[in-house]
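These are the residues of each chain, in order.
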Amino acid sequence: MTIYDRYADALFGTALRFLRDREAAAEVVQESFLALWRRARQFDAAAGSLAGWLHGIGRNQAIDRLRADARRPQPLRSAPASQAARDTGAADGLDWASARLAAPVSEEPSEETDRRWLRALLRTTLSEMQPDEREVLALAYDHGLSQSEIAERLGLPIGTVKSRTRRALLRLRARLGDVPDLHPATAVSTAFGGPEVVR
Amino acid sequence: MIQLTHAEAQELLADLALEAGNLDPTALDRLAGEPLGEHLAACTECGRDLAAWQRTHAAVRAALVDPADPAHPLRLAAMADDEPIQAPDELRSVVRNRARIAIMQPAAGHQPREIRHARHLPAIRRLLPLVAVLAIVTVAGGVMLDQGTRLDTARAEAAALQAVTATLDRVLADPKHRVVELRGADGVAAGSISWSGRDLVVLTTALAAPPADREYRCWVEENGKRSGVGQMWFAGKTGYWTGTLDAWGTTSFGDGATFGISLEPIAGATGGPAILAGQLGG
């Protein structure tokens, strides 16, 4: 399996959820893989995973694209193309940002644009998980339950819950955590000196 | 004090990471003096590992914040019902082709050219290989005349043109290949588009340098929908684009299908008017 085969669907899915435009998402994938190959020598495995690095490149490409798009009149932006809408779940009303697509992105705080990318990436990663992995994550994040509380709620052995949670978190980490710091200015030190990204 | 091995520390850290609150700085402070805390303080790799787990949880939390109502975050469960999205099949060959060409790219600073004149290309089918070979000879000749600083650029250009020529040979060897003229907005011939059941090659000598913030984007338009396929590259005065058509249905483009080149912002969206175009279908 090539690097493209391994990562293209996730990157395309994330870019599409973020941009809501299939052609623009395809361009982001093209540019991201080209950038990956051109900068291959700069990749440092100790600083993050290849998936994280690629998605970091993709994030920058997609945000550049969104901002460039926003500088032009985009009358269709307020009504996403039907295919893109189906693909991205734009009609579910969950993504508050979808209602703001008509607004120029350049006027949005970058923190909110970042959040939109993160949300697209989170959705993509969740869509690839097994239902039982998503279930334990939802109980942890939405209800604040501990591992033992989740085990009690689901009537499962604690070991089962832990292994599901670990699998799910490893998937999330590969996309969201193993990313070289793209914004040094937003890093702060933790108790042990490691950087923590503050968004 | 018990000394943890590296593997033991990473295992404990992964276990700790199962609950986001365990990685908050205040919770971590409680590890001071504990074997894991001592190991984390001394081990760079585990420090990175910890930071990656912290970033992961921070990113999920950030994604769930609803700026309109920060006190009530969005629910992860509601995000989890999306179906996986697959990249379009044709994107694979486009990326592969662009990567192949990118590897052969001339050094930075080599500028493509804007339209000078559109020129008529008589007997285009017979002249195509000659044009390509002459371009290689011209580039190779340039190597003889120029200084060493241009040697790498010239080599890259020659290699790129050799690859283009090889693709063109393959196209012309296909009995079902087709060749059409690439025309400027004024309708005058300015290059060629050749394609077979597998490859498509575009050649032109009619483009001149775009502004620094722009590039020539290539696209195929069918039924009013434009699909970007890459950008024009240059070797000497020859502009070229090659692509693999495995996923496009090859020689049977629909009526009115057009290959076009437009001048677009490097970082912006495409959609500008065609500077050069050729009819692929009909």
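Residues numbered from 1 in each chain as written. Chains lettered and ligands numbered in written order. Predicted model: local features only at pLDDT ≥ 70, side-chain atom pairs only at ≥ 80, totals over all residues. Heavy atoms only, no water.

**What about the overall build of chain A?**
Now for step 1: Of regular secondary structure, chain A possesses eight helices and two strands.
Now for step 2: The secondary structure elements of chain A, listed N-terminal to C-terminal, are α-α-α-α-α-α-α-α-β-β.
Now for step 3: Counting every position in chain A, which comprises 199 residues, the buried fraction comes to 53%.
Now for step 4: Accessible surface for chain A amounts to roughly 8700 Å². Of this, 51% is attributable to carbon and sulfur atoms. (Helix = DSSP H or I, 4+ residues; strand = E, 2+ residues; numbered from the N terminus. Buried < 20%, exposed > 50% of the residue type's maximum accessible area, 1.4 Å probe, protein only. Areas by Shrake-Rupley, 256 points an atom, 1.4 Å probe, with all protein chains shown as cover.)

**Some points on the overall build of chain B**
Now for step 1: The helix and strand inventory of chain B stands at eight helices and nine strands.
Now for step 2: Sequence-distant contacts in chain B: of pairs separated by 6 or more residues, those separated by 24 or more amount to 67%.
Now for step 3: For chain B, the exposed surface amounts to about 13300 Å²; the carbon and sulfur share of it is 55%. (Contact = heavy atoms within 4.5 Å.)

**Section: the side chain of Ser32(A)**
Now for step 1: Looking at the secondary structure, you find Ser32(A) in helix H2 (residues 22-38).
Now for step 2: Beyond its immediate sequence surroundings of up to four residues, Ser32(A) is in contact with Leu11(A), Leu54(A), Ile57(A), Gly58(A) and Gln61(A).

**Let's talk about the packing of helix H1 (residues 6-16) of chain B against helix H3 (residues 35-42) of chain B**
All names here are of chain B.
Now for step 1: Where H1 contacts H3, the two axes come as close as 10 Å, and the packing angle between them is 110 degrees. Put simply, H1 runs roughly perpendicular to H3. Each of His6, Ala9, Leu12, Leu13 and Leu16 in H1 lies in contact with H3, whose residues at this interface are Leu36, His39 and Leu40.
Now for step 2: Residues belonging to the contact of H1 with H3 are distributed by class as follows: six nonpolar, two polar and no charged. (Axes fitted to C-alpha atoms, helices over the stretch in contact; angles between N-to-C directions. Parallel < 35°, antiparallel > 145°, perpendicular 65-115°, else oblique. Nonpolar A, V, L, I, M, F, W, Y, C, P; charged D, E, K, R; others polar.)

**Things to note about the pattern of salt bridges**
Now for step 1: Under the criterion given, the structure shown has 17 salt bridges over all chains.
Now for step 2: Asp5(A) is the salt-bridge partner of Arg92(B), the closest N and O atoms lying 2.9 Å from each other. Of this pair, Arg92(B) sits in helix H6 (residues 89-103) while Asp5(A) sits in helix H1 (residues 3-19), each in a different chain.
Now for step 3: A salt bridge links Glu181(B) to Arg183(B); the nearest nitrogen and oxygen atoms lie 2.5 Å apart.
Now for step 4: Salt bridges sharing partners connect three or more residues here, namely Glu27(A), Glu31(A), Glu215(B) and Arg217(B). (Salt bridge = Lys/Arg side-chain N within 4 Å of Asp/Glu carboxyl O.)

**A closer look at the interface of chain B and chain A**
Now for step 1: Listed per partner, the contact involves 66 residues of chain B and 66 residues of chain A.
Now for step 2: Summed over the shared surface of chain B and chain A, the result is seven salt bridges.
Now for step 3: As a salt-bridge pair, Glu31(A) and Arg217(B) come within 3.6 Å of each other at their nearest N and O atoms.
Now for step 4: For the side of chain B that touches chain A, the elements supplying multiple residues, two or more each, are H1, helix H2 (25-29), H3, helix H4 (44-64), helix H5 (76-79), H6 and strand E5 (225-231) of chain B.
Now for step 5: Split into classes, the residues belonging to the side of chain B that touches chain A amount to 39 nonpolar, ten polar and 17 charged.

**As for the confidence of the model for chain A**
All names here are of chain A.
Now for step 1: Looking at chain A as a whole, its pLDDT mean stands at 73, while 67% of the residues score no less than 70.
Now for step 2: The spread of mean pLDDT over the elements of chain A runs between strand E1 (residues 187-189), the lowest at 30, and helix H7 (residues 147-154), the highest at 95.
Now for step 3: Long-range and interchain partners of residues 72-109, a stretch whose pLDDT sits below 50, account for 57 contacts in this model, where long-range means more than four residues apart.
Now for step 4: Note that residues 182-199 has pLDDT below 50 and, in this model, 40 contacts with residues that lie over four places away or in other chains. (pLDDT = per-residue confidence, 0-100.)

**Brief notes about the side chain of Ser127(A)**
Now for step 1: In this structure, Ser127(A) sits in helix H5 (residues 110-127).
Now for step 2: Residue Ser127(A) is classed as buried on the basis of its relative accessible area, which comes to 8%.
Now for step 3: In contact with Ser127(A), other than residues within four places in its own chain, are Arg17(A), Arg134(A), Asp82(B), Glu83(B) and Pro84(B).

**Digging into the packing of aromatic side chains**
Residue and element names in this part refer to chain A.
Now for step 1: Under the defined criterion, the tally for this structure stands at three aromatic pairs over all chains.
Now for step 2: Look at Tyr4 and Phe33: their rings are 5.1 Å apart centre to centre, the planes differ by 50 degrees, and that puts the pair in the tilted class. Highlighted residues: Tyr4 in helix H1 and Phe33 in helix H2, separated in sequence by 29 residues.
Now for step 3: Exposure remark for Tyr4: the relative accessible area of 9% places this residue in the buried category.
Now for step 4: Ring plane angle 80 degrees and centroid distance 5.5 Å describe the contact between Phe18 and Trp117, whose orientation is recorded as edge-to-face. Of this pair, Phe18 sits in helix H1 while Trp117 sits in helix H5, placing them 99 residues apart in sequence.
Now for step 5: In this structure Trp117 comes out as buried when scored by relative accessible area, which is 3%. (Phe/Tyr/Trp six-rings, centres within 6.5 Å; stacked < 30°, edge-to-face > 60°.)

**Some words on H7(A)**
All names here are of chain A.
Now for step 1: Within the span of H7, buried status applies to Gln147, Ile150 and Ala151. All buried residues of H7 lie within an arc of 100 degrees about the axis, which places them on one face of the element. Exposed and facing more than 90 degrees away from the buried side of H7 are Glu152 and Arg153.
Now for step 2: The inward-facing, buried residues of H7 abut helix H6 (131-143) and helix H8 (158-177).
Now for step 3: Positive backbone phi, approximately 65 degrees, marks Gly155, located one or two places after H7. (Arc of directions from axis to C-beta.)

**Observations concerning the nonpolar core**
Side chains that are nonpolar tend, in soluble globular proteins, to be buried together.
Now for step 1: Ranked by internal contacts, the top residues of the largest apolar core, which has 67 residues, are Phe12(A), Phe33(A), Leu122(A) and Leu137(A).
Now for step 2: Ranked by residue count, the leading element in this core is H1(A), at nine residues.
Now for step 3: When residues no more than four places from it in sequence are discounted, the contact partners of Phe33(A) are Ile3(A), Tyr4(A), Tyr7(A), Ala8(A), Leu11(A), Leu54(A) and Val95(B).
Now for step 4: Within the second largest apolar cluster, 21 residues are counted, among which are Ile193(B), Trp195(B), Leu207(B) and Phe259(B). (Core = buried A, V, L, I, M, F, W, Y, C linked by side-chain atoms within 4.5 Å.)

**Topic: H2(A)**
Residue and element names in this part refer to chain A.
Now for step 1: In a regular helix each residue adds 1.5 Å, so 17 residues correspond to 24 Å; H2 covers 24 Å between its end C-alpha atoms and thus fits that length.
Now for step 2: H2 sits mainly inside the fold: 13 of its 17 residues count as buried.
Now for step 3: The opening residue of H2, the one whose side-chain oxygen lies 3.0 Å from the backbone nitrogen of Glu23, is Asp21. (Expected span 1.5 Å × (residues − 1). Polar contact = N/O pair within 3.5 Å; in protein donor to acceptor, adjacent residues only side chain to side chain.)

**Brief notes about the packing of H1(A) against H2(A)**
All names here are of chain A.
Now for step 1: Interhelical geometry of H1 versus H2 gives an angle of 135 degrees and a closest axis separation of 8 Å. Regarding the angle of H1 to H2, the classification is oblique. Two packed elements cross with a definite hand, and for H1 against H2 that hand is right-handed. Where H1 abuts H2, its residues Ile3, Tyr4, Tyr7, Ala8, Leu11, Phe12, Ala15, Leu16 and Leu19 lie against Arg22, Ala24, Ala25, Ala26, Val28, Val29, Ser32, Phe33 and Leu36.
Now for step 2: Across the contact of H1 with H2, the residue classes tally to 16 nonpolar, one polar and one charged. (Left-handed = near helix turned anticlockwise from the far one by under 90°.)

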